[in-house]
Amino acid sequence: MTQLMNENGIRCDGRKVDQLRNVSIKVGILKNADGSAYIEFGQNKILAGVFGPRDVHPKHMANQDRGILRCRYHMSPFSVTERKNPAPSRREIEISKVIKEALQPAVLLKDFPRTVIDVFIEVLQADGGSRCAALDAASIALADAGIPMRDLVSACAAGKVADQIVLDVNNEEDQEGQADMPIAIMPNLGKVTLMQLDGILTPAEYKTCLQTAIGGCKQIYEIQRKALMEKYFGNGGQ
Amino acid sequence: MEVKRRYVIPGDVIITGPFRPEQNVYQDGDKIVSTSVGISEIYENTVRVIPLCGIYMPKTNDLVIGKVIGHSSLSWEFDINSCFVGFLPAQDVFGRDYSPTKDELKERLDVGDLVAARVANFDRSRDPLLTVQDRDLGKIESGELIEIAPSKVPRLIGKRGSMIQTIEMATKAMITIGQNGWVVVSSDDPVGLLKAIEAVKMVDAQAHLPNLTERVKSMLGVELGENNDTINE
Amino acid sequence: MMADSVIVEQLKRDRILELLKQGKRLDGRRLEEQRPLYIETGVIPKANGSARVRLGDTEVVTGVKIQPDKPFPDLGDKGILICTAEILPLADPNAEPGPPTEEVIELARVVDRGIRETEMIDLHQLVLVENKSVIGFFIDSSIIDADGNLFDACSYASVAALLSCTVPKYEIKDEVPALVEGVNSKPPVKTIPVSVTMARIGEHIIVDPTADEEACMNARITITTNSEGNICALQKGGSDGFTVDQLIKCSEIALAVGPKIRKQLEQLM
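Rules used throughout
- Residues numbered from 1 in each chain as written.
- Chains lettered and ligands numbered in written order.
- Predicted model: local features only at pLDDT ≥ 70, side-chain atom pairs only at ≥ 80, totals over all residues.
- Helix = DSSP H or I, 4+ residues; strand = E, 2+ residues; numbered from the N terminus.
- Rg over C-alpha atoms; globule rule 2.2 N^0.38 Å.
- Buried ≥ 20, exposed ≤ 12 C-beta atoms within 10 Å, placed from the backbone.
- Contact = placed C-beta atoms within 7 Å.
- Axes fitted to C-alpha atoms, helices over the stretch in contact; angles between N-to-C directions.
- Parallel < 35°, antiparallel > 145°, perpendicular 65-115°, else oblique.
- Left-handed = near helix turned anticlockwise from the far one by under 90°.
- Nonpolar A, V, L, I, M, F, W, Y, C, P; charged D, E, K, R; others polar.
- Pairing = 2+ DSSP bridges.

### Here's the deal with the overall build of chain A
- Broken down by element type, chain A carries four helices and 10 strands.
- Listing the helices and strands of chain A from first to last along the sequence gives β-β-β-β-α-β-α-β-β-α-β-β-β-α.
- For chain A, the C-alpha radius of gyration of 18 Å lies close to 18 Å, the compact-globule estimate for 238 residues.
- Dimensions of chain A, computed from C-alpha atoms along their principal axes, come out at roughly 55 × 45 × 35 Å.
- Within chain A, the fraction of its 238 residues that count as buried is 55%.
- Across chain A, the fraction of contacts at a sequence separation of at least 24, relative to all contacts at a separation of at least 6, is 70%.

In structure tokens, the structure reads:
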């Protein structure tokens, strides 16, 4: 069992309790997708591609008043320590749903009745917090595709490790820690659109964990904004 | 009057106060917020964003280039680079009194044909209706199709057609620009054709950067005169 | 792959045919020329081996996972090697998520045969306990951008990932395979298979078709050769056929084009 935190409050990967892993985002890296983004979040390597708005098949799934959002979160067989069967697992299906519901409030679906916006996420390498990293990439891919949005969606997790609230839980901390709370917000509107909790927290810890995660989301937002600005406006972007 | 511009991403508050929201923004209380990646413009009391990406949203009277993807005995279906499929009714081509068979439709326009058409009618409750009843509309017999971002089309046309005229005169090519971002370039002169294609792609890549007109003219080998370089309507 | 749902406009089809008569293609290539091939290995550090391949605008990421496994019945003296391929829905607007289509299944099986049947890896060296416990090599390709010739792109990525992988050591402890930390070896490679895919458009044979060319083609053939200059796997596809002369010509093209790719792959060992 890994020692998750040493006497100086340093975590198993060398980080301090309030330190985010390294995050980098590349925008518009795929040729066929309408919008795309690639994110490296710690050891996570995740690709997001967006198509749409486009025609819905089968036709009976179309909504007459608004567009629909579809989301597929999938892990490549080589993305995890023990090779994973390519068929979607129940975990992937659940994550697909919560990611879709995290993006829905941000997308202006009323503008595109009878169409669908497809968000496809592929985890090429997983390392704890992949659903948050996936959301961060998906939100940029939507903006890259020109889908009108009320706000970006920024996601990050906080958790409890060695009795301390920490920011951005990695794989070992997720497996052997005491709690994991992934969160996503629309940063300018201040609305939380994804939230889950795995583990046990006192009411006070819950509040701290929530604030910590939101602080992480805001840091992610700055990285997302920079990535979009650089892609579209070069170094002249403000 | 001065136009205030800024680079924005979705969620950015452009301004607060009694302004009228126009394209690609929405109102949240008294804040006007961008919905797209693009350049925000505040002009008098209106606010809008010119997006740098995004699909084509049909508008009545738009000229579009469409590709036939199917037909029944009543109409042809077109890919017009939008989430909506364009429909051209058979009677638009055959007249009201004639009921053509499916084969007769196929003979006029078959799957894979490119057509210049106008959007006759579009409201979001139904797919856009097209028409080819006009002198310059109909099947495109020759030329090369280039796809540019629909948001760059105004830049390719230029103020009162200045950009497109510059390219056509310098290359002797004929360029048909669809508002949906599909552009057909045709010419008998292969060198002129390649230069025209390059110019169109250059505008697509650099539409949001300043001094584009100078750079296009320079690439085409045209004399640089005075020309206003604005990100236009 | 999704040739039926890609409608290439007639003007472009006409140009493709016109250019072929002059021995040229839309992107300026000669008929027997492949697009530039970029290979990067080690892109998924957590996997035992990995590669990212770009062939024109087609892009594939392949990972190799090596784990202990049970041998196939009747093949107790050989390790396991399985290749899969998936066209990710983000790769192609016409690809839909859901159970694999017949095109995708064919792609995966052709890539699999192209590596396993060519005996690229000496499976006899992957046995821990005969008939009970062997090493399994799982080579999975995820296609992330599709612009034609997915067969060759997946094949090159799979071979590259295999050539550059590190094989962990297992030993039997209490009748069960256990990982020996810190001891790695190179994979037992016997030969380097190289696949070359060609398409027939009219009476012209072109190498490494783009998606537009595939939408116009009459038939397609993938031929895999090995380091010894032999032909070791083949698949014909598409709704039309080849003459015998064309089949012979295709085999000659595959043997001529293969060595350059093989040289590029050999550098990864």
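### Some details on the packing of helix α1 (residues 90-103) of chain A against helix α2 (residues 130-144) of chain A
Residue and element names in this part refer to chain A.
- Interaxial distance between α1 and α2 falls to 10 Å at its minimum, and their mutual angle equals 45 degrees. Classified by the interaxial angle, the pair formed by α1 and α2 is oblique. Like other packed secondary-structure pairs, α1 and α2 cross with a definite hand, here right-handed. Seen from α1, the contacting residues are I95, I99, A102 and L103; seen from α2, they are R131, A134, L135, A138, S139 and L142.
- Partitioned by chemical class, the residues of the contact of α1 with α2 number eight nonpolar, one polar and one charged.

### Structural notes on unusual backbone geometry
- The omega torsion of the bond from G52 of chain A to P53 of chain A falls at 0 degrees, within 30 degrees of zero and hence cis.
- Locating P53 of chain A in the fold gives a position in strand β3 (residues 44-55).
- Despite not being glycine, N24 of chain B shows a phi value in the positive range, around 60 degrees.
- Residue placement: N24 of chain B occurs in the loop between β3 (20-21) and β4 (25-28).
- Of note in the backbone geometry, E44 of chain B takes a positive phi value of approximately 55 degrees without being a glycine.

### A look at the interface of chain B and chain A
- Counting from both sides, the interface comprises 19 residues of chain B and, opposite them, 27 residues of chain A.
- A class-by-class count of the residues in the side of chain B that touches chain A yields 12 nonpolar, five polar and two charged.

### Observations regarding the interface of chain C and chain A
- Taken together, the contact pairs 26 residues of chain C with 22 residues of chain A.
- For the side of chain C that touches chain A, the elements supplying multiple residues, two or more each, are β3 (58-69), β4 (80-87) and β6 (133-145) of chain C.
- Here the side of chain C that touches chain A is built from residues that sort into 13 nonpolar, five polar and eight charged.

### Thoughts on the sheet that holds strand β4 (residues 68-75) of chain A
Residue and element names in this part refer to chain A.
- In spatial order, the strands read β1-β2-β3-β5-β4; together these five strands make up an open sheet with mixed pairing. Of all the strands in the sheet, just β1 (23-27) and β4 have a single pairing partner and so form its edges. For this sheet, the mean inter-axis angle between neighbouring strands, taken without regard to orientation, is 15 degrees.
- Two strands pair when backbone bridges link them, and β4 and strand β5 (residues 115-125) are joined in this way by eight bridges, in the parallel orientation. For R72, the partnering residue across the bridge sits in β5 and is F120.
- Sitting on the sheet, α1 is in contact with β4 and β5, with an inclination near 140 degrees to β4.
- Contacts from α2 reach β1, β2 (35-41), β3, β4 and β5, with the element oriented near 150 degrees to β2.

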